[in-house]
Amino acid sequence: MSTVALRSLVKRYGNVNAVDDITLDVAEGQLVALLGPSGCGKTTTLRMIGGFVEASAGSILIGGTDVTRLPPARRNIGFGFQSYALFPHMSVAQNVAFGLEMRRLPRAEIAQRVNQALDRVRLRAMADRLPKHLSGGQQQRVSLARALVIEPSLLLLDEPLSNLDAQLRGEMKLEIRQIQKAMGITTIFVTHDQDEALSIADRIVVMRSGRIEQDGTPESVFAAPRSRFVAEFMGVTNLLPGTFEASGCFRLTNGAAIRISDQAGAPERESVLAIRPERIRIARAGATPGPDDLPAEIEAATYRGLTVEYRLRTGSGLHLTARQPTPATGGPTMLEPGACIHIGVPTDACLLIPA
Amino acid sequence: MSSTAIRRTYGAVSALVLAFILLPLVVIVWVSFFANRILAFPASGYTLDWYARALATDSFRDGFVTSVETALFATAASLLIGIPASLGLVRGRFPGRDAIQTLLLAPMVVPGIVGGAALFIAYIEVEARLDLQIAGTLGGLLVAHTLIALPWTIRLVTASLASADRAIEEAAASLGASPLTVLRRVTLPAIRPGIVAAALFSFVISFIDLEKSIFLVGPGRTTLQIALVNYLEWSLDGTVAAVAAVQILIVGAALLISDRYARLSQVF
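Residues numbered from 1 in each chain as written. Chains lettered and ligands numbered in written order. Predicted model: local features only at pLDDT ≥ 70, side-chain atom pairs only at ≥ 80, totals over all residues.

- If you look chain B up in an unreviewed UniProt entry, it shows as ABC transporter permease from Methylobacterium planeticum.

- Under an unreviewed UniProt entry, the name given to chain A is ABC transporter ATP-binding protein, and the source organism is Methylobacterium planeticum.
- The UniProt entry for chain A carries the following comment under Sequence similarities (unreviewed entry): "Belongs to the ABC transporter superfamily." (UniProt positions renumbered as here; feature names shortened; annotations may be inferred.)

So, in structure tokens, the structure goes:
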């Protein structure tokens, strides 16, 4: 178990910086998610830490030791590959034993530790199978056992859940989290899925074009995205450019105004107003609207299982997306396109992001 | 046309083509059992005598031994050179890499007789300069057959290397394996089917070669194919058919086995 420190890490391909000056400190036992769209440099960063890609500049420290120039074999890192990368010609037990054999441990100790590792991922019964006879979820667990059995100082996971179906992904997510906590192992994992990052990481590092865009706890990144990019990535669909006025209103570029703060007197500034779709209140025709509510019309309704997504147009011509829990059976029906309603935007649902 | 009709037409055409290819082979095996003194239809009776005659003919026996020895040597040498070369071609990044891979297609488009003549001229040139006997020696023949087998070995091995998951090598490295251990414990076992196929295929390619060998064999040292051609100059009896039938059996078995390891159709 160790800390990890990246110091001004750079990876250049031609004249493109795939990773562009990343500095990051990971505390012992922390589970950090590198989150971003494909091409943001997250995988290259992970592969540099693993030693598979050479850093163009900067340094990587694991437990205070500079490993930047060490080959992967000497970094003592457990690496979980997206394709699992199990050795196809070796049984499950031989796969798990490989790292211990490389460490020249006595045969008896290897057998004992392999059994322990397989118990931890509940695959003891599969020890003699070949990887091709295992399901995707089982292969993933073997790859995890193989990476962890060497007691690495650091665990790196590259999109560990992307090849699993939805139900297995949920189970695996819990399993990875539980094993990681139980062993207290410092872990960095790469994902493009914000739900995955939010639900298992202690800390989320959002990357964009080779740089860190935002770094914080899942709660803070979700609730307070600091840029339009992060907001969009976190599922904020309503991003309205305009000006925050001293009155506490936000003046949109089309002239309409939304009250977003009870405090008046703040300085005016150009910004983007972010409103999470699930925080917009809908008052149906007949209900009494609040004093600041805006009249609006439903343009489209999309059923999404647990929620319904409405595309709205306000009286002032503003387009917004609102997400509501799906009405219970026997309750009010889904709103139809064309329905006239009022919407309320709670002031605490509004977030100002620098333009 | 309905899809069933299309499928039936395909099936019929395929069957015809297959019959066209197999017919000569079937016929030669069949006539090898004819009792006729000269190869001709119809059979005047059936016998195994031609097989006994073939076995008793020195030129065929010696030719067979030379061919097998040459093919074994060519196979071993082409694996020894071809596997490291394939690793370099697939894993390495160096100028001329693509050109080399294209050049390796040459044996498929250059007629064998042209290749043989070229080798012969090259040998003579080297002999003239080094005052060394090469053409007509066993060494010259072995080098030539290694050259015949090598492109095929490299094609089969590079194909299986290219389709192997690179991540398993990284996984082994991250678990503490040195580059040499990665090669020995992970890369080579993962491409073993390709290597087995390459070995069998190299053997066959060398064994059946006539056009190149004909320039390079020396007195008293002929391959089986050349022994066959020589024999055909003077006689046309069942012995030739018997020798051919045995070869069909050997080559067919080798190709069937190698196809089990690596789909040959993917290599061409």
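## Comments concerning the interface of chain A and chain B
- Taken together, the 18 residues of chain A in the interface contact 15 residues of chain B.
- Listing elements by their share of the side of chain A that touches chain B, those giving two or more residues are β6 (77–80) and α2 (92–102) of chain A.
- The element best represented in the side of chain A that touches chain B is α2(A), accounting for three residues.
- Here the residues of the side of chain A that touches chain B are counted per class, giving 13 nonpolar, four polar and one charged. (Contact = placed C-beta atoms within 7 Å. Helix = DSSP H or I, 4+ residues; strand = E, 2+ residues; numbered from the N terminus. Nonpolar A, V, L, I, M, F, W, Y, C, P; charged D, E, K, R; others polar.)

## Observations concerning the sheet that holds strand β18 (residues 319–325) of chain A
Residues and elements named next belong to chain A.
- Here five strands make up an open sheet; going across it, the order is β15-β19-β16-β17-β18 and the pairing antiparallel. A single partner strand is all that each edge strand has here, and the edge strands are β15 (281–283) and β18. Shown here is a sheet whose adjacent strand axes are inclined to one another by a mean of 45°, direction ignored. (Pairing = 2+ DSSP bridges. Axes fitted to C-alpha atoms, helices over the stretch in contact; angles between N-to-C directions.)

## Concerning the nonpolar core
- Formed by 100 residues in total, the largest nonpolar core has its most connected members in Val96(A) and Ala145(A).
- Top element by residues in this core is α2(A). It accounts for six residues.
- Counting contributing residues per domain, this core is built from domain 1 (4–233) and domain 2 (238–354) of chain A, each supplying no fewer than three.
- Excluding its chain neighbours within four sequence positions, the residues that come into contact with Ala145(A) are Val96(A), Ala117(A), Leu118(A), Arg120(A), Val121(A) and Leu123(A).
- With 44 residues, the next largest nonpolar core counts Phe60(B), Tyr123(B), Ala144(B) and Ile205(B) among its residues. (Core = buried A, V, L, I, M, F, W, Y, C linked by C-beta atoms within 7 Å. Buried ≥ 20, exposed ≤ 12 C-beta atoms within 10 Å, placed from the backbone. Domains from an automatic or database assignment.)

## Some details on unusual backbone geometry
Residues and elements named next belong to chain A.
- Positive phi, close to 55°, is recorded for arginine 122, a residue that is not glycine.
- Topologically, arginine 122 is positioned in the loop between α3 (107–120) and α4 (136–148).
- Look at arginine 122 and you get exposed, because 12 C-beta atoms sit within 10 Å.
- Although it is not a glycine, glutamate 159 adopts a positive phi angle of roughly 40°.
- Looking at where glutamate 159 falls in the secondary structure, it is placed in the loop between β7 (154–158) and α5 (166–183).

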